[in-house]
Amino acid sequence: MPDPYEKGPYEKGPYEKGPYEKGPYENPREAIAPTGAGGAMDLAMSEAETLDKRETEPTGEEGTPPGPGGRPRSLWTDAWHQLRRNPVFLVSSLLIAFLVLIAIWPQALTGADPLHCDLAKSQEGSEPGHPFGYDTQGCDVYARTVHGARASITVGIAATLGAALLGSLLGGLAGFFGGWGDALLSRTADVFFGIPVVLGGLVFLSVVTSTTVWPVVGFIVLLGWPQIARIARGSVITAAQHDYVQAARSLGAGSGRLLLRHVAPNAVAPVIVVATIALGTYIALEATLSFLGVGLRPPTVSWGIDISNAAPQIRNAPHMLLWPAGALSLTVLAFIMLGDAVRDALDPKLR
């Protein structure tokens, strides 16, 4: 008679396992994962791998890896990541690219000569081959609108580059070295800020007889650099106080290396934002000065000149004013939209 207290070959005690049964953590498809309360829970291996992947390799639009090798993205890489997903930046960039194209190559849109005029067609409306009609002198409004982009774009880009380079150089040096140079720059900038733009243009450009765009560019640079200089000065002062700059200085880095390698790359973003927005403003300023008769002058083709000639005839021939004014407004709007998009991408506080 078998002993009732003797275990059979396939029986087990409360703390023993059978020969064909695995322990709770001996299954290779199971794992232990920590919980939020500090304990642990059993997970299948697939769930544990998913949890680990979720922590180390995020997925989705906002969860893309920060950079190659897991390294964090730089400011410029992160800004480009934001810009290419911004519809405002895409629309304004396409429009600006189109405007630059017709400024470089206006013959791509029209083969008409903007300086060829026929008084017999003065103020006539649109007709085949001349969709915008004719102005007071009988010139093709469509051809003048297309060719007028060259002068406005040239003035805007050249004036922005000049003001940005001059202002960044003076403001950056004054902010980095300080002293009497910083005080002199600040007082000089205050003097230029006190000059009314339109009044200064009337005084400065009225004595210039050149019909090229360069006197207008020089005047805009003369009054535009103090704004860029003030922005660059403040940005350099802020960047120079960072710990990495102090560490480089303590290791023996010279002033030139500190300014070019450590301070300037981290202080240029506000300058780019202000310069991009100012570009549209400079184009509008050129048109204003040309409208007043002291900016660009004939035979240069300019939207401001066409608007000035069309203003007295706005009741009889509104098409003369509509098209150049619309092109000017669209161009200024495109550059301001581009500047706003760049500002949102380069300023982390606005994200």
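Residues numbered from 1 in each chain as written. Predicted model: local features only at pLDDT ≥ 70, side-chain atom pairs only at ≥ 80, totals over all residues. Heavy atoms only, no water.

Peer 1: Could you clarify how one ought to interpret the overall build of the protein chain in this entry?
Peer 2: Helix and strand content of the protein chain: 12 helices and two strands. When its helices and strands are written in sequence order, the protein chain yields β-β-α-α-α-α-α-α-α-α-α-α-α-α. Looking at the protein chain residue by residue over its 351 residues, the buried ones come to 38%. The long-range fraction of contacts in the protein chain, counting pairs at least 24 apart against all pairs at least 6 apart in sequence, stands at 62%. As presented, the protein chain carries roughly 20,500 Å² of accessible surface, and 63% of it is formed by carbon and sulfur atoms. (Helix = DSSP H or I, 4+ residues; strand = E, 2+ residues; numbered from the N terminus. Buried < 20%, exposed > 50% of the residue type's maximum accessible area, 1.4 Å probe, protein only. Contact = heavy atoms within 4.5 Å. Areas by Shrake-Rupley, 256 points an atom, 1.4 Å probe, with all protein chains shown as cover.)

Peer 1: Any chance you could explain the side chain of His319 here in plain terms?
Peer 2: Structurally, His319 can be placed in helix α12 (residues 319–346). A relative accessible area of 16% places His319 in the buried class. Within the local environment of His319, its side chain forms a polar contact with the backbone oxygen of Glu124, the two atoms lying 3.2 Å apart. Excluding its chain neighbours within four sequence positions, the residues that come into contact with His319 are Gln123, Glu124, Gly125, Phe132, Gly133, Tyr134, Val141 and Pro324. (Polar contact = N/O pair within 3.5 Å; in protein donor to acceptor, adjacent residues only side chain to side chain.)

Peer 1: Mind showing me how you'd approach the packing of aromatic side chains here?
Peer 2: Any pair of aromatic rings gets described here by the distance separating the centres and the angle formed by the planes. Taken as a whole and assessed by the stated rule, the structure comprises six aromatic pairs. Judged by centre distance (5.0 Å) and plane angle (90°), the rings of Phe176 and Phe177 are edge-to-face. Judged by relative accessible area, Phe177 falls into the exposed class, the value being 52%. Grouped by ring-pair contacts, the aromatic residues Phe132, Tyr142 and Trp323 constitute a single cluster. (Phe/Tyr/Trp six-rings, centres within 6.5 Å; stacked < 30°, edge-to-face > 60°.)

Peer 1: Can you help me understand the side chain of Thr145 in this one?
Peer 2: Structurally, the position occupied by Thr145 is in helix α4 (residues 141–177). Not counting residues within four places of it along the chain, the set of residues in contact with Thr145 comprises Phe132, Trp303, Trp323, Pro324 and Ala327.

Peer 1: Where do I start with the environment of His130 in this structure?
Peer 2: You can see His130 is positioned in the loop between α3 (87–104) and α4. Residues His130 and Asp140, spaced 10 residues apart in sequence, show a C-alpha to C-alpha distance of 6.6 Å. A polar contact of 3.0 Å, which involves the side chain of His130, links it to the side chain of Asp140.

Peer 1: I tried to follow helix α7 (residues 214–240) on my own but got confused; where do I start?
Peer 2: An α-helix turns once per 3.6 residues; consequently, residues spaced three or four apart project the same way. Between its first and last C-alpha atoms α7 spans 36 Å; for 27 residues at 1.5 Å apiece the expected length is 39 Å, and the two agree. Along α7, the sharpest kink reaches roughly 35°, centred on Gly224 and followed within four residues by the proline Pro226. (Expected span 1.5 Å × (residues − 1). Bend = angle between axes of the 7 residues up to and from the residue.)

Peer 1: Quick question: what am I supposed to make of the state of the cysteines here?
Peer 2: In protein structure, a disulfide is the covalent linkage between the sulfur atoms of two cysteines. Under the criterion given, the structure shown has one disulfide. Each disulfide pairs two cysteine sulfurs, and for Cys117 the partner residue is Cys139, the sulfurs being separated by 1.6 Å. Judged by the sign of its S-S torsion, about 65°, the cystine formed by Cys117 and Cys139 is right-handed. Taken as a pair, Cys117 in the loop between α3 and α4 and Cys139 in the loop between α3 and α4 lie far apart in primary sequence, 22 residues in all. Overall, the relative accessible area of 33% leaves Cys117 in the partly exposed class. (Disulfide = S-S within 2.5 Å.)

Peer 1: For this particular structure, what's the right way to read the packing of α7 against helix α10 (residues 269–291)?
Peer 2: Relative orientation of the contacting elements α7 and α10 amounts to 155°, with a least axis distance of 11 Å. By the criterion of interaxial angle, the relationship of α7 to α10 is roughly antiparallel. For the element pair α7 and α10, the recorded crossing hand is right-handed. In this structure, α7 contributes Val216, Phe219, Ile220, Gly224, Gln227, Ile228, Ile231, Ala232 and Ser235 to the contact, and α10 contributes Pro270, Val271, Val274, Ala275, Tyr282, Leu285, Glu286 and Leu289. By residue class, the composition of the contact of α7 with α10 is 13 nonpolar, three polar and one charged. (Axes fitted to C-alpha atoms, helices over the stretch in contact; angles between N-to-C directions. Parallel < 35°, antiparallel > 145°, perpendicular 65-115°, else oblique. Left-handed = near helix turned anticlockwise from the far one by under 90°. Nonpolar A, V, L, I, M, F, W, Y, C, P; charged D, E, K, R; others polar.)

Peer 1: Honestly, a nonpolar patch on the surface in this entry has me stumped. Any pointers?
Peer 2: Taken together, Val197, Val198, Leu199, Leu202, Val203, Phe291 and Leu292 make up a surface patch of nonpolar side chains, about 560 Å² in accessible area. For Leu292, the position within the fold is in the loop between α10 and α11 (303–310). (Patch = residues over 30% accessible without salt bridge, like charges linked within 9 Å, V, L, I, M, F, W, Y side chains within 5 Å. Salt bridge = Lys/Arg side-chain N within 4 Å of Asp/Glu carboxyl O.)

Peer 1: In this structure, what is going on with the nonpolar core? I would like to understand it.
Peer 2: Looking at soluble globular proteins, one finds that nonpolar side chains tend to be buried together. The biggest cluster of nonpolar side chains holds 30 residues, and the ones touching the most others in it are Ile153, Ile283, Leu328, Phe335 and Leu346. Going through the elements one at a time, α2 (75–83), α3, α4, α10, α11 and α12 are the ones with two or more residues in this core. In terms of residue count, α12 provides more of this core than any other element does, 12 residues in total. By size, the runner-up hydrophobic cluster in this structure holds 24 residues, among which are Ala174, Val216, Phe219 and Leu296. (Core = buried A, V, L, I, M, F, W, Y, C linked by side-chain atoms within 4.5 Å.)

Peer 1: Mind showing me how you'd approach unusual backbone geometry here?
Peer 2: Glycine aside, the phi torsion of most residues is negative, and most peptide linkages are trans. A cis geometry characterises the amide bond from Pro298 onward to Pro299, with omega recorded as 10°. Position of Pro299 among the secondary structure elements: in the loop between α10 and α11. In this model, Gln123 sits at a positive phi of 60°, which is unusual for a non-glycine residue. With respect to the helices and strands, the residue Gln123 is situated in the loop between α3 and α4.

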